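Residue strings, one per chain:
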Amino acid sequence: MDHSYFTMIFQHNLYLMVLSYLIAAISAYASIDLARRVMFSSGTGKILWLISGGATLGIGIWSMHFIAMLAHDFPIPVYYNTFLVIVSVILAVLACIVGYFLISRNLEDRMNFWLAGILMGLGIVAMHYVGTEAIRPLTITYNVSLVVVSITIAIFASLVALWVGFLSPYAKSKMSWKLKCIASFIMAVAIAGMHYTGMAASNFFESTATEHSFETGIDTTLLAWIVAIVTILIFSLFFFSIIFDRFIKKQEIVQNTILDSAADGIILTDQANQIIHANPAFYLLMERANVKTNSIKLHDFHHLLTKDIVSKQEFHLEIEDFIFEVKRHDVKEEALNSSLWMIRDITESIHSKRRIEHLAYHDQLTNLPNRYQLDSILQDWLQHGNEIGCILFNVDRLKFINDTLGLAAGDASLQYISKVLKENMEDRDFLARIGSDEFVMLVAGEKVKNLQSIAAQCMEEIRQPFTCEGIYINITLSAGYCKFPKEADSAHELLQFADLAMSESKQNGKNQATAFNIAIKEEHKRRLQLEDALSTALEDRQFHLLYQPKIMLDSNKIFGAEALLRWVHPVYGFVSPVDFIPIAEEKGLIHAIGEWVLREACTQWKKWADEIQEPPIIAVNISPLQLTREDFFERVMQIIEDTKMNPKYLELEITESASLAYETQTILTEIAEVGIHISLDDFGTGYSSFSQLKELPIHVLKIDKSFLDDLLGNEGQEAIVRSIIQLGHNLNLQVVMEGVEEKEEVDWLRKEHCDFVQGYYFYKPLKPALLLESLKTQFTLQH
């Protein structure tokens, strides 16, 4: 054959040339998509996609080669050596598979990229020239320069294919079908260019040798069918790729829509921690946290956002004033060494939780730690073996401030106390508010020796008046203190003993600090014993009544008697009402005991009324707690009815403080309307005013016996008692002086026109029989 390739190129079948180019383009298109599947898969799936991707590209290049061969106008009819045709197919497929395998092992290794491109290019060149050698019965010579050019083109085309499929920015994100087509047509030009350059390098001559005479091979018709089948296969893969791409694209649209609509930040990063996708919520969260960066590296948003974070383990990230909950998930199924990040703004949740925790462990009014935090701190101090001093402060007359000046004034008083106490403590000390009117201060170390001076200093500063809405308020504190481990063995005992010492301060006149001692402990022990014994005293009939006569001063005659409760215990003996009445009130036993006293007194009066013509008026003390019961009036009337007591001979004694409540005044009015007398006991020790006294339905004013102390010769004290007597008379009240024991006191009171007296000067408390005898004697003398 003596005419050149460039002369023959104008004689070939144009249709087959175009078809060969289209097959090359389709193969390139399919290889791009399949390369992406190789990269974004793992395990068995990766192997399958690697083999199918390499085979598709290899077979496509092979098909393009042989279609172009069919388009070539050889000088004589030709056929193809079967063995060499099969070898050429294997070379093309193996070259592409090896190239895909090498590049996909490590995308960061550039040496792998060059090695894969060179081997893949050489394999394609080998496929071309082996396929050319399969032509029979022709003799072929080659132009070395053009062969080198064809090798160069094959290696270049392979490198381009690998770069587009694995290393380009489009390979790491989705590539549009338009861009795929452009890349495919460019790669097809390179593949076709390599083929036609290789054909240009080949010179075909009719063979005169006889070595091919007995060969069998594939004629052009059979080869055409084979190529057609392969072409159909390539087209099928092409359309499958398109359909699959659209399906993936729809999935991505749905997934991205879901991700982008999420309120939490969601980020997908690759193995280099580069952001593959991040939803708008993530960037909004970073913008709110004042994070400004255009980086595609996630750790540039915060240095802790790295792949070193343990997968599926939540941690909190604080940026500026924001707190984010972060969780990283390894994504192995869909992307190799990728990470899915979830970032949620929990700032408000954390702040709410902290506020709740703060409220749980702090007093809302003073912002001081409360009892729960005190217990925790105290246990911690005890575990460290610290010597601890505990001072318990109680606000004197807080209820009076609330009742007279209002709750706002009471709250202001507590805040003022809190402020002063904090100013008198060091950083290592601890202060808590544990009750409505109680504060606890803990000190440790050397300061434990100075508890008395610390308490005194605090109380002295708090005694200074402060103003609330233009009103001067005076506050005093009562305090008790105890030491660990010298006096208390546990946290419970430390607080309990400090409280007992504080109660001692209250009983001794308030506004003072008392150290805990053994005597207080013994008294507390006795109180506990009395509490236990008191619960069965009524049932065991350990109570009885004595009667203190009330003497009319103008005649020295018995006018009435006050029923006095007495308790004689079989073990503890006589127990003073001063000791057990507060216990009864605290334990809720006062209602049953009070009703027993009233019933017993009314029953006794009925017995006297049956024996004498002029029975005395019986006065019965009523606890303030009894007056708080809604059915108190009904219970009193029921007792009167049961005992057949004449209500005009019954006098109920109430304390001055109990009479101030509005509800109490309503009950007293009901009582007075049925003829029962009401006596205001211990007058002068409470806070009632003249205007309040006028509103009360009372009949008798009883002056507390404390006013008799240093009465005679003390002009100031005499003036006070004289004023009280005159006040009572001005209100049309009978006046009784309690605790009269001296003749001089009787004479002075008679001179000041006091109506009645009670006291040891005339009579001690008497048993019912003795009082009856005295009444009979008095009646006999009168008649």
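Given the structure is predicted, the values throughout are model-derived calculations rather than measurements. (Residues numbered from 1 in each chain as written. Predicted model: local features only at pLDDT ≥ 70, side-chain atom pairs only at ≥ 80, totals over all residues. Heavy atoms only, no water.)

(A) Inspection of the overall build of the chain at higher detail. Within the chain, the regular secondary structure consists of 26 helices and 26 strands. When the 783 residues of the chain are sorted by exposure, 48% land in the buried category. Sequence-distant contacts, at least 24 apart, represent 68% of the contacts inside the chain between residues at least 6 apart. Summed over all atoms, the accessible surface of the chain reaches about 39,100 Å², with 56% contributed by carbon and sulfur. (Helix = DSSP H or I, 4+ residues; strand = E, 2+ residues; numbered from the N terminus. Buried < 20%, exposed > 50% of the residue type's maximum accessible area, 1.4 Å probe, protein only. Contact = heavy atoms within 4.5 Å. Areas by Shrake-Rupley, 256 points an atom, 1.4 Å probe, with all protein chains shown as cover.)

(B) Spatial organisation of the nonpolar core. One finds Leu534, Tyr547, Trp567, Val620, Leu650, Met737 and Leu749 to be the most contacted residues of the largest nonpolar core, which totals 73 residues. Broken down by element, the residue count for this core peaks at eight residues, all from helix H19 (residues 590-611). Apart from the residues within four sequence positions on either side, Val620 is in contact with Ala563, Val597, Leu598, Ala601, Leu650, Glu651, Leu652 and Glu653. Ile61, Val147, Ala192 and Ile218 belong to the second-largest nonpolar core, a separate cluster that totals 42 residues. (Core = buried A, V, L, I, M, F, W, Y, C linked by side-chain atoms within 4.5 Å.)

(C) Region of interest: the sheet that holds strand E16 (residues 477-484). In space, the five strands of this open sheet follow the order E12-E13-E11-E16-E17, with mixed pairing throughout. Strands at the two margins of the open sheet, each flanked by one partner only, are strand E12 (430-435) and strand E17 (513-515). Between one strand and the next, the sheet's axes are offset by a mean angle of 20°, whatever the strand orientation. In the sheet, strand E11 (residues 388-395) pairs with strand E13 (residues 438-444) via seven bridges, with the strands oriented antiparallel. (Pairing = 2+ DSSP bridges. Axes fitted to C-alpha atoms, helices over the stretch in contact; angles between N-to-C directions.)

(D) Looking closely at the packing of aromatic side chains. This structure, assessed with the given rule, holds 14 aromatic pairs. Ring centres of Tyr761 and Phe762 lie 4.9 Å apart, and the angle between their planes is 90°; on these two criteria the pair is classed as edge-to-face. Assessed through its relative accessible area of 35%, Tyr761 is described here as partly exposed. Look at Phe762 and you get partly exposed, because its relative accessible area is 22%. Among the aromatic residues, those joined into a cluster by ring pairs are Phe543, Trp567, Phe580 and Trp596. (Phe/Tyr/Trp six-rings, centres within 6.5 Å; stacked < 30°, edge-to-face > 60°.)

(E) Fine view of a nonpolar patch on the surface. A cluster of nonpolar side chains, Val18, Leu22 and Phe185, forms an exposed patch at the surface whose accessible area comes to about 250 Å². Tracing the sequence through the fold places Val18 in helix H2 (residues 14-39). (Patch = residues over 30% accessible without salt bridge, like charges linked within 9 Å, V, L, I, M, F, W, Y side chains within 5 Å. Salt bridge = Lys/Arg side-chain N within 4 Å of Asp/Glu carboxyl O.)

(F) Up close: the pairing of strand E9 (residues 322-331). Of all ten residues in E9, seven are buried, a share of seventy percent or more. Both strand E8 (residues 315-319) and E9 contribute to a ladder of five bridges, which runs antiparallel. If you follow Phe315 over to E9, its bridge partner there is Val326. Hairpin connection, E8 to E9: the antiparallel pair is bridged by two residues, and Glu320 has positive phi, about 55°. Where E9 lies against strand E10 (residues 338-345), eight bridges are found, and the strand directions are antiparallel.

(G) The confidence of the model for the chain, seen in detail. Confidence along the chain averages 82 in pLDDT terms, with 83% of residues attaining 70 or more. Low pLDDT, under 50, characterises residues 1-12; the stretch is placed with 18 contacts to residues that sit more than four places away or in other chains. (pLDDT = per-residue confidence, 0-100.)

(H) Main features of the sheet that holds E9. Pairing in this open sheet of five strands is antiparallel, and the strands run E7-E6-E10-E9-E8 from one edge to the other. Strands at the two margins of the open sheet, each flanked by one partner only, are strand E7 (275-278) and E8. Averaged over neighbouring strand pairs, the angle between their axes works out to 25° when direction is ignored. In the packing of helix H11 (residues 347-361) onto the sheet, contacts are made with E8, E9 and E10, and the angle to E9 comes to roughly 125°.

(I) Representation of the side chain of Ser478. Here Ser478 is to be found in strand E16. Exposure remark for Ser478: the relative accessible area of 0% places this residue in the buried category. In this structure the side chain of Ser478 is engaged in a polar contact, spanning 2.8 Å, whose partner is the side chain of Asp396. Among all residues touching Ser478, those that are not within four sequence positions of it are Leu392, Phe393, Asn394, Asp396, Met502, Ser505, Lys506, Lys510, Asn511 and Gln512. (Polar contact = N/O pair within 3.5 Å; in protein donor to acceptor, adjacent residues only side chain to side chain.)

(J) Region of the structure containing unusual backbone geometry. Looking along the chain, the bond that leaves Phe484 and enters Pro485 is cis, with omega of 5°. Note that Pro485 resides in the loop between E16 and helix H16 (491-507). One non-glycine residue, Arg397, lies in positive phi territory at about 60°. By secondary structure assignment, the location of Arg397 is in the loop between E11 and helix H13 (398-405). The exposure class assigned to Arg397 is partly exposed, which follows from its relative accessible area of 38%. Of note, the phi angle at Asn556 is positive, near 55°, even though the residue is not glycine. Mapping Asn556 onto the fold places it in the loop between strand E18 (543-552) and strand E19 (557-569). With a relative accessible area of 42%, Asn556 lands in the partly exposed category.

(K) Looking closely at the environment of Ala592. With respect to the helices and strands, Ala592 occurs in helix H19. Placed 34 residues apart in sequence, Ala592 and Gln626 show a C-alpha to C-alpha distance of 9.4 Å.

(L) Just the environment of Ser418, in detail. You can see Ser418 is positioned in helix H14 (residues 407-423). With 14 residues separating them along the chain, Ser418 and Ala432 place their C-alpha atoms 8.9 Å apart. Ser418 has contacts with Thr366, Leu368, Leu431 and Phe439, leaving out every residue within four places of it along the chain.

(M) Representation of the packing of helix H12 (residues 371-383) against H16 in the model. H16 packs onto H12 with a crossing angle of 120° between their chain directions and a minimal axis gap of 10 Å. Between H12 and H16, the angle is such that the two are oblique. Residue-level inspection shows Arg371, Leu374, Asp375, Leu378, Gln379 and Leu382 of H12 in contact with H16, the latter providing Ala491, Leu494 and Leu495. Looking at the contact of H12 with H16, its residues break down into six nonpolar, one polar and two charged. (Parallel < 35°, antiparallel > 145°, perpendicular 65-115°, else oblique. Nonpolar A, V, L, I, M, F, W, Y, C, P; charged D, E, K, R; others polar.)

(N) Structural detail: the pairing of strand E22 (residues 650-655). Burial runs high along E22: five of the six residues are buried. Note that strand E21 (residues 617-621) and E22 share four bridges and pair parallel. From the neighbouring strand, Ala619 faces E22, where its bridge partner is Glu651. Pairing between E22 and strand E23 (residues 677-683): five bridges, direction parallel. Across the sheet, residue Leu652 finds its bridge partner in E23, namely Ile678.

(O) Molecular detail of helix H15 (residues 451-462). When the terminal C-alpha atoms of H15 are compared, their 17 Å separation across twelve residues agrees well with the 16 Å that a helix rising 1.5 Å per residue should span. When we look at burial in H15, the residues that qualify are Leu451, Ile454, Ala455, Cys458, Met459 and Ile462. Seen along its axis, H15 keeps its buried residues to an arc of 125°; they face one direction. For H15, the elements touching its buried residues are E11, H14, E13, E16 and E17. (Expected span 1.5 Å × (residues − 1). Arc of directions from axis to C-beta.)

(P) Up close: the environment of Ile151. Position of Ile151 among the secondary structure elements: in helix H6 (residues 144-167). Residues Ile151 and Met194, 43 residues apart in the sequence, show an inter-C-alpha distance of 7.4 Å. For Ile151, the residues in contact, after removing those within four places along its chain, are Leu122 and Val125.

(Q) Up close: the pattern of salt bridges. By the definition in use, this model includes 32 salt bridges. Residue Lys776 is joined to Glu611 by a salt bridge in which the shortest nitrogen-to-oxygen separation is 3.2 Å. Highlighted residues: Lys776 in helix H26 (residues 768-782) and Glu611 in helix H19, separated in sequence by 165 residues. Taking relative accessible area as the criterion, Glu611 reaches 49% and is therefore assigned partly exposed. Each of Arg527, Glu531, Glu586 and Lys587 takes part in salt bridges that share partners, so that together they form one network.

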